[in-house]
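# Overview (structure and organization)
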There are 2 protein chains.
Amino acid sequence: MSHKIDREKHKTFAADRADGRYVNTRGFVHNLLRDLYNKKPKLAFDPQFSREEFLEWQAKIRTKTQEIMNPPDVPPQPRPKLLNRAERDGYVLEKWEIYPQPQYVLSILVLVPEGVSATNPAPAVLCFPGSKGTKEILAGEGKPEDNKHYAKNRMAMFYAQSGIVSVAVDNPGFGETADTGYAAGARELLSLYLLKMGWHYWGLATFNATRILNWMKTLDVIRPDRIALSGHSAGVGAMTSLAILNPDIRALVYNDSLCDGLRRAIVTTKPDEDGNRPLPSNMLRNLIPDELKWYGNVDLRAALAPRYVIYTEGGNQEDLDLVKRAYQIMDAEDKLKIYHHDQFRNPGQRHYDYVFIPEGLSPKEYLEYINCDSENHYFHADVAVPWIKKVLTHR
Amino acid sequence: MSHKIDREKHKTFAADRADGRYVNTRGFVHNLLRDLYNKKPKLAFDPQFSREEFLEWQAKIRTKTQEIMNPPDVPPQPRPKLLNRAERDGYVLEKWEIYPQPQYVLSILVLVPEGVSATNPAPAVLCFPGSKGTKEILAGEGKPEDNKHYAKNRMAMFYAQSGIVSVAVDNPGFGETADTGYAAGARELLSLYLLKMGWHYWGLATFNATRILNWMKTLDVIRPDRIALSGHSAGVGAMTSLAILNPDIRALVYNDSLCDGLRRAIVTTKPDEDGNRPLPSNMLRNLIPDELKWYGNVDLRAALAPRYVIYTEGGNQEDLDLVKRAYQIMDAEDKLKIYHHDQFRNPGQRHYDYVFIPEGLSPKEYLEYINCDSENHYFHADVAVPWIKKVLTHR
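This report concerns the structure included in the present document. (Residues numbered from 1 in each chain as written. Chains lettered and ligands numbered in written order. Predicted model: local features only at pLDDT ≥ 70, side-chain atom pairs only at ≥ 80, totals over all residues. Heavy atoms only, no water.)

## So, the relation of the copies chain A and chain B
Relative to chain B, chain A is turned by 180° and slid 0.0 Å along the rotation axis, the superposed coordinates differing by an RMSD of 0.0 Å. What the rotation and shift describe, once combined, is the action of a two-fold rotation axis. Taken as a fraction of all interface residues of chain A, those also at the interface in chain B reach 100%, which identifies the copy contact as same-surface. (Least-squares fit on C-alpha atoms with pLDDT ≥ 70 in both. Contact = heavy atoms within 4.5 Å.)

Below, the structure written as structure tokens:
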């Protein structure tokens, strides 16, 4: 059957009736999304907050995040175990095994710079790979063909070479932790079963990271009050939850473009010529049921003020401004650093700043509104590493 | 890349380590499923229940289902509106519009048999189509090419021709309520957004059906204490929730094979030669987060005792026995009627009754264990219609 549709005509949802009611179920659901966007989630950041209101709200965000991430109660587990150690250029590479809960084991890579020891502990960064990244890629232990931007994405290696202890983890169900078969489908499937049992993929990832973080704090080579998180792309989700739940995390590196996820869902509706609307990739992996009712990703970023945060790939200017506003409220504007992609470095190059984002966009059209240079979506060591070094070591 | 895997070797999940821990995240999650199956969901039916314990448990199931289905609070809506009426062979076909909540409208078909009137009201059946069914197919208003078993699936028409008022509905996002494009993807997408907002596809379907049911009870041509539900295939999910929530529903027709969904997930793990394991279809549409922790589909069926229930396509014998046990506890075995597919009518033809179902099956292999004749999966009017007529009219 090849009856093509008029893409322009169907690119948005309208009721087509005088009483404003939708026959198309998707149109009705889309309207629920619009309602939520207009009325705001229950714990949305309010740029009018006083400092006191901000702090109260921030505590509520933390409590709700704890609830949503739903960490299981687990019995005591064995201490992590060192599997092997190897010399590298400027640091020692260690592979450890960690036991987050019964019947489960993770391995992680720990990169300890030369000269760091129990008598000379260093700051540390816990590194989160993107969707197609692994701990081996982060640590520079992979091969160029493992990743589109392999050389650039050796995040943990760059930190170690600058004198910071770095820890590299896998996303659940990828790399060493993968099942047979095509990884995207396999991760969708394991996410499905977690969801049916009342958990979710990023809940599992956040729980694992919590266990790793807690262990890092016990290591004598690490200064526990100088721990940062650094995430690339899909890795920023678990990183954000982890930071919300652990106020002692000192700094965060966001290697991703910031944009409000709810607005993105509302505006990217343009169908292809067969009438199929854009399906977000990894729908089950990225699903945290009920979350949108409470807050969006921009709210969580605002709730990190006044901690040290750097954005290396900018994003939508209006959303970045909301985050900036949180730092103004907390009188900490100097702790937030925002870099855009090179081609959008100057405001004059960002044609879509403060432009109303209409419904009916294709995913590609949408990326223009958020200043995203998807071809150059890789770890920006040039800005991230010196900054993190500075904020973890000064004073 | 074509490195084929050994399907037999990878068909189940095993820890491959002396300490029983999984490196493969999917293996770990699979083990959580096994744990849940072994320990049972919190509100699992217990065949040892006394009558009193059964009734207490049944009340808990109802309360939890109300919570899980999470119906929204909606302001008063306009009364349903008759759109048109047409004479058919033995009944009158009416199309009505109903307004379940703001910005939303559904249309339904109501089939009123000849001779039924306010002074001579009749029993009624609310009919639920399968995944690829529509209200028009149920009412015999479609075309043969609309459905693989069009002639057989005219469920609402058969009921009307036997003197029962029947009401036919669409599944959300299909038939008249569909979006542009391929319906499966579109329904996955609308399910995703409902989930993100704290609801789900079958919650929406159940809510719609509740509104329709409540309205049916007000019609003077219907005997409100003689209302049944009849569902084909995917339609049985919303039908079950509706019956759990409305104890005044008198009878149910299950036109589907019964099998425990959790066990199905556990055993159907055999990958294809590329290593991809079977992905259940419509993963987002069928996802009700957290539900598995509380109960499975067999528990819900047991909770319907002692209401009149007929199964027209049998299922797994062990699961059917659990349902039978509930009727024994309630001293109502005569109210439960179980038919198998023709080719499995005699126990001697059912080679897999009471056979342990191993892990590592393909979906096709699994169907043998539940006596499912998927080629003949259509509405079995021959057994369902006379039975429902009897239980709705006697006394």
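Text resumes after the structure shown.
## Considerations on the packing of helix α1 (residues 25–39) of chain A against helix α5 (residues 183–196) of chain B
Interhelical geometry of α1(A) versus α5(B) gives an angle of 25° and a closest axis separation of 10 Å. Overall, the two elements α1(A) and α5(B) adopt an arrangement that is roughly parallel. When the axes of α1(A) and α5(B) are compared, the crossing they make is left-handed. Mapping the contact onto sequence places A:Thr25, A:Arg26, A:Val29, A:Leu32 and A:Leu33 in α1(A) and B:Leu189, B:Leu190, B:Tyr193 and B:Leu194 in α5(B). Per-class residue counts for the contact of α1(A) with α5(B) are 7 nonpolar, 1 polar and 1 charged. (Axes fitted to C-alpha atoms, helices over the stretch in contact; angles between N-to-C directions. Helix = DSSP H or I, 4+ residues; strand = E, 2+ residues; numbered from the N terminus. Parallel < 35°, antiparallel > 145°, perpendicular 65-115°, else oblique. Left-handed = near helix turned anticlockwise from the far one by under 90°. Nonpolar A, V, L, I, M, F, W, Y, C, P; charged D, E, K, R; others polar.)

## A short note on the nonpolar core
The biggest cluster of nonpolar side chains holds 200 residues, and the ones touching the most others in it are A:Leu126 and B:Leu126. If sequence neighbours within four positions are ignored, A:Leu126 has contacts with A:Val167, A:Val169, A:Ala209, A:Ile212, A:Leu213, A:Met216, A:Ala228, A:Leu229, A:Ser230 and A:Leu242. Of all hydrophobic cores here, the second largest spans 29 residues; its members include A:Val125, A:Met157, A:Val385 and A:Ile388. (Core = buried A, V, L, I, M, F, W, Y, C linked by side-chain atoms within 4.5 Å. Buried < 20%, exposed > 50% of the residue type's maximum accessible area, 1.4 Å probe, protein only.)

## A few points about the pairing of strand β7 (residues 251–255) of chain A
All names here are of chain A. By the criterion of burial, β7 is predominantly enclosed, with 5 of the 5 residues buried. Of the two faces of β7, the one holding Ala251, Val253 and Asn255 and the one holding Leu252 and Tyr254 are both buried throughout. With 5 bridges joining them, strand β6 (residues 222–232) and β7 adopt parallel strand pairing. By the bridge assignment, His232 is partnered in β7 with Asn255. Each parallel crossover has a hand, and the one from β6 via helix α7 (residues 236–245) to β7 is right-handed. Note that β7 and strand β8 (residues 308–311) share 4 bridges and pair parallel. Its bridge partner lying in β8, Val253 is registered against Ile310. (Pairing = 2+ DSSP bridges. Right-handed = clockwise from strand over helix to strand, strands pointing away.)

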